[in-house]
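# Breakdown of the fold
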Amino acid sequence: MTTTSASLHQDAPDASAAFALAEARPSVELRCERTRRGPYTAGGALLRHLVPELMQADRPSVARHSLAIVSVAPDLAETAPRAPQTLTNLAKGDERTRLYSSERTRNLAYDVSELVRAWIVACHPQGVRLVFHGTQQADPTDIELISTLTRRCPAGTVIVDPAAPTAFVDDAREPARSVVESDGTCRDRRALAAYDALDAVQRRALHDERARVLGEVGHPGDHLGALPYHLERGDDAAGKGVDALLTAVVECFHSGFYDAVVDVAERGRALTGAMVRPDAHSVFTNKLISSLMFLGLTQESEAVVHEQRRSTVDIADQMRCSYALAMIYTRYLPADKKDHQVALAWANEAVALADGQPDLRRRGFFRAFTRNAKALVVMHLGDFQQSLDLIDEAMSVADASLGRGVHHLHRTVLVHNRARVLVALRRYEEAILSFGEVVARDPEYDEPYFDRALAYQAMGRPDLAHADLDRAIDLGTAFLEARYNRANILSELGDVEAAVRDLDAVLDINPGHLDGLLNRAALHLGEGDLRSAEADISHGLAAAPKHASFWSAKGLLEAERGALGSAKAAYDRALALDPRLVEALGNRAILSFGAGALTDAVADLTSALDVTESPQLRVNRAVAWQALGDHDAALADLDAALGLADADAEEIEALRRQSLALRSGGSPSADATPGG
């Protein structure tokens, strides 16, 4: 990476001067090819350039994103302010049982883009150019980062050069050496032809020499890119090459860089087999299965699972395969393809294999681990009590079988999962105590705060939920779900402006977050900001034209504009897509009532009440019954509404008096119309 700058011209502000100013911005040249530094080859180089500068100009911004810094460029751990420490990143080896979501890299890209924006403001207010070379050979982490930077940074900041520089031939007598010393990035045709012309012994020698030099220099990230690249092409591919790939696959897996895991694991599997270095082959295979699963490539993952089941009789490997299949069928398949009964069968097999594990040192952990997995399956089947019993059993097994001072992470995971099941059982106070235990054990981990906030919300304590979500967002600035839930709480508390800010952040992190778009549109509608609501609804329908709730929101927007025909057409479209969509049924009923189509209004409200009980739906149908002259039906709905939570007793009693008066032949005290 090199940095160049040019003096800024002070000429008159004509067009040519403006162009010269743009070209005079400092440039940071960044190489992206993953064979050099693996995941975040360019991202790590970018942070190594900007963090020292930003530390001098805006240390709080660096501190706020220190976790992202050390995740993308671990060598900056001594430079950046201390990052939050969790049991996840402190766990080593087999004790690492909590894994990062596949969305982690999206969040890291967002955090890095925040740093870059702060760096531009603090250090380069005149602008800066980030020139990314070799993006055709980049790891998906860098591609995602470049996309995020392009979207969030000032126009013209990001320059993409897909092809890597080709001028690597330093010595015309040895062009083949240039290919090796470029760490596989050279695209010079003459050099590549010379490399191909070498015999196998010469090629292996060049790669071994380059690996030795890199090992002495120790560039950050070499062990994830260039070192395994060379050693797997060297004279000891089955030994040193496989060892280097093992180091890379484990680190990438624990970092949540799952695309890189797939690449490295497949290369490692090509050098090993069930009969040749079986332990290494097992590591590559299990990491590949999990990474494909996390990336949503369930069909590919399942194929590797069955291949593994055919190739090994090792109990631990067979248990892991059964566990993987249980997770695929209960968690990772699309909703319409999940089969929790099939998952239960595989979970039972995993439990049986764990119980039969002959290695006593591993049996206790395996028994606890597989029972925790089965608990998830039976929870998805709706048997919350059995799920709780299984987790309690897993905790007992762990306490009885695992030594003191080990597996702190997995023990905490069990407590956390137990708390989640207690929430499902509506035993909120017990759940909050368990979440508190998780927080005490792992205070800088954001998820228990998020989950405890859900329990507080269910208990009707939005203040405590809000505080926990604040803490979760402090720990994870790109924690999208926490911001989304906090927006809901702020909306309920009447702070619409703050709720919109949180939803703005949600959509800045993930512009395709449909629920965030929908909720922000609803808030804009509530505030009468029809133009902003229309923008969000149009965006949502463009992204998901068959999303019934966006059509329902469009109906509400058109109704607010007075375009009742367009509103009804939108509600009709929503209900064609989802006949049980309550908000569309209720709002179409209001339109029908206003148009005098009373029977249609009653029909829609009846359909809505078949889906859910609601005092407002009951009241609206009572008003429609009144207008139709069926006062007994109106009174029945009003009586039912009185027995529901959140009912407006004063309004309902007034309507009851009207219905009673009308039924006895009197006159109502006031006209009534359905309300939303």
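Remember, predicted model here, so these are calculated numbers, not experimental data.

## Structural notes on the packing of helix α19 (residues 360–380) against helix α21 (residues 408–424)
Two elements in contact, α19 and α21, have axes separated by 11 Å at closest approach and are oriented at 20 degrees. Judged on the interaxial angle alone, α21 and α19 are roughly parallel. Considering how the two elements wind past one another, α19 and α21 form a crossing that is left-handed. Side by side, α19 and α21 meet where Phe365, Ala368, Phe369, Asn372 and Met379 of the first sit next to His410, Val413, Leu414, Asn417, Arg420, Val421 and Ala424 of the second. Tallied by class, the residues present in the contact of α19 with α21 amount to eight nonpolar, three polar and one charged.

## Some thoughts on the environment of Ser27
Position of Ser27 among the secondary structure elements: in strand β2 (residues 27–31). Ser27 sits 103 residues away from Leu130 along the chain, and the two C-alpha atoms are 5.9 Å apart. A distance of 3.1 Å separates a polar atom in the side chain of Ser27 from a polar atom in the side chain of Arg129.

## Things to note about the packing of aromatic side chains
This model, assessed by the stated rule, comprises nine aromatic pairs. Both rings, one in Tyr40 and one in Phe257, keep their centres 5.4 Å apart while their planes meet at 75 degrees; by these two values the pair is edge-to-face. Here the residue Tyr40 occupies a position in the loop between α2 (34–37) and α3 (41–57), and Phe257 occupies one in the loop between α13 (237–255) and α14 (258–271), the gap between them amounting to 217 residues. With a centroid separation of 4.9 Å and an interplanar angle of 50 degrees, the aromatic rings of Tyr323 and Phe369 are classed as tilted. Here Tyr323 is found in helix α17 (residues 315–332), whereas its partner Phe369 is found in helix α19, with 46 residues between them in sequence. Exposure remark for Tyr323: the relative accessible area of 26% places this residue in the partly exposed category. Three or more aromatic residues joined by ring pairs make a cluster, and in this case those are Phe253, Tyr258, Phe294 and Tyr332. Sitting above the plane of the Tyr445 ring, Arg98 keeps its charged end 3.6 Å from the centroid. The positively charged end of Arg203 is found above the aromatic ring belonging to Tyr195, 5.8 Å away from the centroid.

## Regarding the pairing of strand β3 (residues 129–133)
Along a regular strand, successive side chains alternate from one face of the sheet to the other. Most of β3 is tucked away: five of the five residues are buried. Residue alternation in β3 divides its side chains into two sets, Arg129, Val131 and His133 and Leu130 and Phe132, and both sets are buried. In this structure, β2 lies alongside β3, joined through five bridges in parallel fashion. Bridging from a neighbouring strand, Glu29 pairs with Val131 of β3. Inspection of the sheet shows β3 paired to strand β4 (residues 158–161) by four bridges, in the parallel sense. When the sheet's bridge partners are listed, Leu130 is paired in β4 with Val158.

## Some details on unusual backbone geometry
Most peptide bonds adopt trans geometry, and most residues besides glycine take a negative phi value. Positive phi, normally seen in glycine, also occurs at Tyr40, with a value near 55 degrees. With a phi angle near 50 degrees, Arg277 is a residue other than glycine that sits in the positive phi range. Note that Arg277 resides in the loop between α14 and α15 (278–294). You can call Arg277 partly exposed: its relative accessible area is 31%.

## Details of the environment of Thr148
You can see Thr148 is positioned in helix α8 (residues 140–152). Take Thr148: its relative accessible area is 10%, and that puts it in the buried class. Considered as a pair, Thr148 and Gly356 are 208 residues apart in the sequence and their alpha carbons are 49 Å apart. Not counting the four nearest positions on each side in its chain, Thr148 is found in contact with Ala109, Tyr110 and Ser113.

## With respect to the side chain of Glu302
Mapped onto the elements of the fold, Glu302 is located in helix α16 (residues 298–311). For the buried Glu302, no salt bridge is present, and the opposite-charge side chain at shortest range is Arg309, 8.3 Å distant. If sequence neighbours within four positions are ignored, Glu302 has contacts with Leu325, Ile328 and Tyr329.

## Comments concerning α16
Taking 1.5 Å per residue, 14 residues should reach 20 Å; α16 reaches 20 Å between its end C-alpha atoms and fits that length. Within α16 the residues assigned to the buried category are Thr298, Ser301, Glu302, Val304, Val305 and Gln308. Down the axis of α16, the buried set is contained in an arc of 160 degrees. They therefore lie on one face. The exposed residues of α16 that point more than 90 degrees off its buried face are Gln299 and Arg310. For α16, the elements touching its buried residues are α14, α15 and α17.

## Examining the nonpolar core
Counting 99 residues, the largest nonpolar core has Leu47, Leu50, Val116, Trp119, Leu130, Phe132 and Leu149 as the members making the most contacts within it. Leu47 has contacts with Pro52, Ala68, Ile69, Val72, Ala73, Leu76, Val112 and Leu115, leaving out every residue within four places of it along the chain. Ranked by size, the runner-up nonpolar core spans 42 residues in total, among them Leu557, Leu598, Ala633 and Leu638.

Conventions we followed
- Residues numbered from 1 in each chain as written.
- Predicted model: local features only at pLDDT ≥ 70, side-chain atom pairs only at ≥ 80, totals over all residues.
- Heavy atoms only, no water.
- Axes fitted to C-alpha atoms, helices over the stretch in contact; angles between N-to-C directions.
- Helix = DSSP H or I, 4+ residues; strand = E, 2+ residues; numbered from the N terminus.
- Parallel < 35°, antiparallel > 145°, perpendicular 65-115°, else oblique.
- Left-handed = near helix turned anticlockwise from the far one by under 90°.
- Contact = heavy atoms within 4.5 Å.
- Nonpolar A, V, L, I, M, F, W, Y, C, P; charged D, E, K, R; others polar.
- Polar contact = N/O pair within 3.5 Å; in protein donor to acceptor, adjacent residues only side chain to side chain.
- Phe/Tyr/Trp six-rings, centres within 6.5 Å; stacked < 30°, edge-to-face > 60°.
- Buried < 20%, exposed > 50% of the residue type's maximum accessible area, 1.4 Å probe, protein only.
- Lys NZ or Arg CZ within 6 Å of the ring centre and 35° of its normal.
- Pairing = 2+ DSSP bridges.
- Lys, Arg positive; Asp, Glu negative; His and termini not counted.
- Salt bridge = Lys/Arg side-chain N within 4 Å of Asp/Glu carboxyl O.
- Expected span 1.5 Å × (residues − 1).
- Arc of directions from axis to C-beta.
- Core = buried A, V, L, I, M, F, W, Y, C linked by side-chain atoms within 4.5 Å.

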